[in-house]
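A closer look at the structure
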Amino acid sequence: DVKVTQSSRYLVKRTGEKVFLECVQDMDHENMFWYRQDPGLGLRLIYFSYDVKMKEKGDIPEGYSVSREKKERFSLILESASTNQTSMYLCASSLTTVQPQHFGDGTRLSIL
Amino acid sequence: KQEVTQIPAALSVPEGENLVLNCSFTDSAIYNLQWFRQDPGKGLTSLLLIQSSQREQTSGRLNASLDKSSGRSTLYIAASQPGDSATYLCAVRGGSARQLTFGSGTQLTVLP
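All figures in this text were calculated on a predicted structure; none of them were measured in a lab.

**Observations concerning the overall build of chain A**
- Along chain A, the regular secondary structure elements total zero helices and eleven strands.
- Secondary structure elements in chain A, listed N-terminal to C-terminal, are β-β-β-β-β-β-β-β-β-β-β.
- For 112 residues, the compact-globule estimate of 2.2 N^0.38 gives 13 Å, and chain A sits close to it at 13 Å.
- Expressed as lengths along the three principal axes of its C-alpha atoms, the size of chain A is roughly 35 × 25 × 25 Å.
- Burial analysis of chain A (112 residues in total) assigns 47% to the buried set.
- When contacts within chain A are restricted to residue pairs at least 6 apart in sequence, those whose partners lie at least 24 apart make up 55%.
- Per element, the accessible surface of chain A, about 5,400 Å² overall, is 49% carbon and sulfur.
- Averaged over its 15 positive side-chain charges, chain A has a centre that lies 6 Å from the centre of its 15 negative ones.

In structure tokens:
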């Protein structure tokens, strides 16, 4: 089975802090994705990566950056956290573009 | 821009009923469609993936159909059980896109 692991289930940070969310997959998948999920807005794509050191912006990249130095790890960075970034963050991976996406359990991030 | 709609937003049924969840999308030029299940506070679990060339996919008590020309997909759940209670999301991948566009989900409650 595919395993997508997010480093924290719950995280509380303060405004202005730099926040790192980590995601690791164990199936040598090419593609990795970061989404945020908010009530009434559904899942929205922040960034995705289709290869090491490659990244593309999703629908809502403002205020975020990403890093993919190794194939199995995809990090989401909140450069200066703000309260409107309080959300559930979900990481996903897929073997190729046409294969199913597999999700981690999510990180519930609160910015105070 | 692709838009995905799921109606109803919530559904409550007695145990044992067969039920259908609906998903519609505005741009029929899709590559594939994926159905997910999400339990409260958790990530998404992939249920079924239908390629654009397919009409349906089955897994156990679940059957997903796809009518690309009308922009619709349905998820049929046979003999529903309380353990099926969850939010069900559909997501489509556009013809040239790597990412998924998600619907807002149908929250299903199966009453014992």
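**Section: the packing of aromatic side chains**
- Under the defined criterion, the tally for this structure stands at eight aromatic pairs over all chains.
- Between Phe33(A) and Phe48(A), the ring centres sit 5.9 Å apart and the planes meet at 25 degrees, which makes this aromatic pair stacked. Taken together, the positions of Phe33(A) in strand β4 (residues 31-38) and Phe48(A) in strand β5 (residues 42-51) put the pair 15 residues apart, joining distant regions of the chain.
- Between Phe36(B) and Phe102(B) the ring centres are 5.6 Å apart and the planes differ by 35 degrees, which places this aromatic pair in the tilted class. Residue Phe36(B) is found in strand β4 (residues 30-38), and its partner Phe102(B) is found in strand β10 (residues 100-102); the two are separated by 66 residues along the sequence. When sorted by exposure, Phe36(B) lands in the same class as Phe102(B), which is buried.

**Looking at the sheet that holds strand β1 (residues 4-6) of chain A**
All names here are of chain A.
- Read from one edge to the other, the open sheet built from four strands follows the order β1-β3-β8-β7, with strand pairing classed as antiparallel. Pairing within the sheet leaves two strands with one partner each, and these edge strands are β1 and β7 (64-70). With direction set aside, neighbouring strand axes in the sheet form an average angle of 20 degrees.
- Sheet analysis places strand β3 (residues 19-25) next to strand β8 (residues 73-78), joined by six bridges and oriented antiparallel. Bridge pairing in β8 places Val19 opposite Leu78.

**Section: the interface of chain A and chain B**
- The interface is formed by 20 residues belonging to chain A together with 19 residues belonging to chain B.
- Surface buried jointly by chain A and chain B totals about 1,700 Å² across both partners, of which 57% is contributed by carbon and sulfur atoms.
- Counting across the interface, chain A meets chain B through zero salt bridges.
- There are four residue pairs in polar contact (both at pLDDT 80 or more) connecting chain A and chain B.
- Residue assignment for the side of chain A that touches chain B shows that the elements contributing at least two residues are β4, β5 and β9 (87-94) of chain A.

**Comments concerning unusual backbone geometry**
- Across the junction of Ile7(B) and Pro8(B), the peptide omega takes the value 5 degrees, indicating a cis bond.
- Relative to the elements of secondary structure, Pro8(B) occurs in the loop between β1 (4-5) and β2 (10-14).
- Positive phi, normally seen in glycine, also occurs at Asp28(A), with a value near 60 degrees.
- Take Asp28(A): it is sitting in the loop between β3 and β4.

Conventions used here
- Residues numbered from 1 in each chain as written.
- Chains lettered and ligands numbered in written order.
- Predicted model: local features only at pLDDT ≥ 70, side-chain atom pairs only at ≥ 80, totals over all residues.
- Heavy atoms only, no water.
- Helix = DSSP H or I, 4+ residues; strand = E, 2+ residues; numbered from the N terminus.
- Rg over C-alpha atoms; globule rule 2.2 N^0.38 Å.
- Buried < 20%, exposed > 50% of the residue type's maximum accessible area, 1.4 Å probe, protein only.
- Contact = heavy atoms within 4.5 Å.
- Areas by Shrake-Rupley, 256 points an atom, 1.4 Å probe, with all protein chains shown as cover.
- Lys, Arg positive; Asp, Glu negative; His and termini not counted.
- Charge placed at Lys NZ, Arg CZ, Asp CG, Glu CD.
- Phe/Tyr/Trp six-rings, centres within 6.5 Å; stacked < 30°, edge-to-face > 60°.
- Pairing = 2+ DSSP bridges.
- Axes fitted to C-alpha atoms, helices over the stretch in contact; angles between N-to-C directions.
- Buried area = accessible area lost by both parts, 1.4 Å probe.
- Salt bridge = Lys/Arg side-chain N within 4 Å of Asp/Glu carboxyl O.
- Polar contact = N/O pair within 3.5 Å; in protein donor to acceptor, adjacent residues only side chain to side chain.

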